[in-house]
Amino acid sequence: MPPKEYDPDHKIDLDKNTCPNREQRANGTNVYYGKATQLIEDAKAGKTKCFDRELQQTSGCVLNFYLTVRVSTIRDAAIIYHGPLGCSSSSLGYREIFRSVPPELGRPEKFELNWITTNLQQSDVVYGASEKLKNAVLEAQKRYDPKAIFILTTCTSGVIGEDIEGAVNEIQPEVKAKIVPVHCEGVRSRLVQTGYDAFWHGVLKYLVKKPEKKQKDLVNVASMLSYTWQDRLEIKRLLGKVG
Ligand code: SF4
């Protein structure tokens, strides 16, 4: 379900609420019928596309598969899952993964993942849940005093067409943290990598400021798949080798 405001002429347009899906932006696919050599040729020619399959049982969710990993590991931030309780379940898993990393390996002693859910019910689907969302923002501010509050959309908030930006505009003056809506509802795309793009769109739109000064010997590395703390250590080790 591509975002309504998708415009094929603007691959990255921070005036929009979100980015195009990977299928649209980069001819992304997770299905290909043919030889590997032909796949390379088709990819070069931009001819790959997502096929409909009669049966597809295993696939990630844009929200959970990548986005939770990434957003939940940002320190000084809090997450609000705007959806039913179950959509936030993977946060529990990541919490356990990170908490089991010994502090000797670099995990800060007080490392904690901050998240809450709006726990949407059937009545919210019928009547909308922007009040719940605004209350959740206030609660996240009160509980965690974060620097940023990420609102992650889910299939439910996407399907009912919740006006996330409208709610954010109303509640932002009441909280210190910068609110960052990320449009990552699971049904939005078959390619979970769309979650990367949706996340960075939100970060660039709401958090990143124009640099006042550039440091020549500094490069920011944003890991695309930092499942564990150990990956982070390995990235540091490899980059250390190239100075
Ligand atoms: S309901 Fe949608 S957003 Fe929630 S976990 Fe399932 S696929 Fe992901």
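Residues numbered from 1 in each chain as written. Predicted model: local features only at pLDDT ≥ 70, side-chain atom pairs only at ≥ 80, totals over all residues. Heavy atoms only, no water.

**A short note on the packing of helix α6 (residues 130-144) against helix α8 (residues 164-171)**
In step 1: The N-to-C vectors of α6 and α8 enclose an angle of 45 degrees; their axes lie 10 Å apart at closest approach. As far as their axial angle goes, α8 and α6 are oblique. Between α6 and α8 lies a crossing of right-handed hand. Taking contact as the criterion, the partners of S130, L133, K134, V137 and L138 in α6 are, on α8, I164, A167, E170 and I171. (Axes fitted to C-alpha atoms, helices over the stretch in contact; angles between N-to-C directions. Helix = DSSP H or I, 4+ residues; strand = E, 2+ residues; numbered from the N terminus. Parallel < 35°, antiparallel > 145°, perpendicular 65-115°, else oblique. Left-handed = near helix turned anticlockwise from the far one by under 90°. Contact = heavy atoms within 4.5 Å.)

**Some thoughts on the pattern of salt bridges**
In step 1: Considering all chains together, one arrives at 10 salt bridges under this definition.
In step 2: A salt bridge links D197 to R22; the shortest N-O distance between them is 2.7 Å. Of the two residues, D197 sits in helix α9 (residues 194-206) while R22 sits in helix α1 (residues 22-26), which places them 175 residues apart along the sequence. You'll find D197 and R22 in the same group, each marked buried. (Salt bridge = Lys/Arg side-chain N within 4 Å of Asp/Glu carboxyl O. Buried < 20%, exposed > 50% of the residue type's maximum accessible area, 1.4 Å probe, protein only.)

**Remarks on the side chain of D13**
In step 1: Position of D13 relative to the elements: it lies in the segment before α1.
In step 2: K16 provides the closest opposite charge to the buried, unpaired D13, separated from it by 4.1 Å.
In step 3: At 3.0 Å, the side chain of D13 and the backbone nitrogen of D15 are in polar contact. (Lys, Arg positive; Asp, Glu negative; His and termini not counted. Polar contact = N/O pair within 3.5 Å; in protein donor to acceptor, adjacent residues only side chain to side chain.)

**Thoughts on the sheet that holds strand β4 (residues 178-182)**
In step 1: Read from one edge of the open sheet, 4 strands run β2-β1-β3-β4, paired in parallel fashion. Where the open sheet ends on each side, the last strands, each with one partner, are β2 (115-117) and β4. Between one strand axis and the next, the sheet turns by 20 degrees as a mean value, whatever way the strands run.
In step 2: Taken together, the 5 bridges between strand β3 (residues 148-153) and β4 define a ladder with parallel strand orientation. Its bridge partner being in β4, I149 is matched across the sheet by I179.
In step 3: Running over the sheet, α6 touches β1 (77-82), β2, β3 and β4 and is turned about 155 degrees from β1.
In step 4: The sheet strands contacting α8 are β1, β3 and β4, and the helix crosses β4 at an angle near 175 degrees. (Pairing = 2+ DSSP bridges.)

**Some details on the environment of D231**
In step 1: Along the polypeptide, D231 turns up in helix α10 (residues 229-241).
In step 2: For the pair D231 and T154, spaced 77 residues apart in sequence, the C-alpha separation works out to 28 Å.

**Some remarks on the packing of aromatic side chains**
In step 1: Inspection of every chain in the model, using the stated rule, returns 2 aromatic pairs.
In step 2: Centre to centre, the rings of F199 and W200 are 4.9 Å apart; their planes meet at 65 degrees, and the pair counts as edge-to-face.
In step 3: Assessed through its relative accessible area of 2%, F199 is described here as buried.
In step 4: Classification of W200 as partly exposed rests on a relative accessible area of 29%.
In step 5: Three or more aromatic residues joined by ring pairs form one cluster here, namely F150, F199 and W200. (Phe/Tyr/Trp six-rings, centres within 6.5 Å; stacked < 30°, edge-to-face > 60°.)

**Digging into unusual backbone geometry**
In step 1: The phi angle at N119 is positive, at roughly 50 degrees, despite the residue not being glycine.
In step 2: Position of N119 relative to the elements: it lies in the loop between β2 and α5 (122-127).
In step 3: Accessibility expressed as a relative area gives 31% for N119, which makes it partly exposed.
In step 4: Positive phi outside glycine occurs at D145, with the angle close to 45 degrees.

**Things to note about α8**
Three or four residues apart is the spacing at which side chains of an α-helix point the same way, because the helix has 3.6 residues per turn.
In step 1: Those residues of α8 that sit buried are I164, E165, A167, V168 and I171. Projected down its long axis, α8 carries its buried residues within an arc of 160 degrees, all on one side.
In step 2: Those residues of α8 that are buried are in contact with β1, α6, β3, β4 and α9.
In step 3: N-cap assignment for α8: the residue whose side-chain oxygen lies 2.9 Å from the backbone N of G166 is D163. (Arc of directions from axis to C-beta.)

Note that all results are geometric; they support no functional claim without further evidence.
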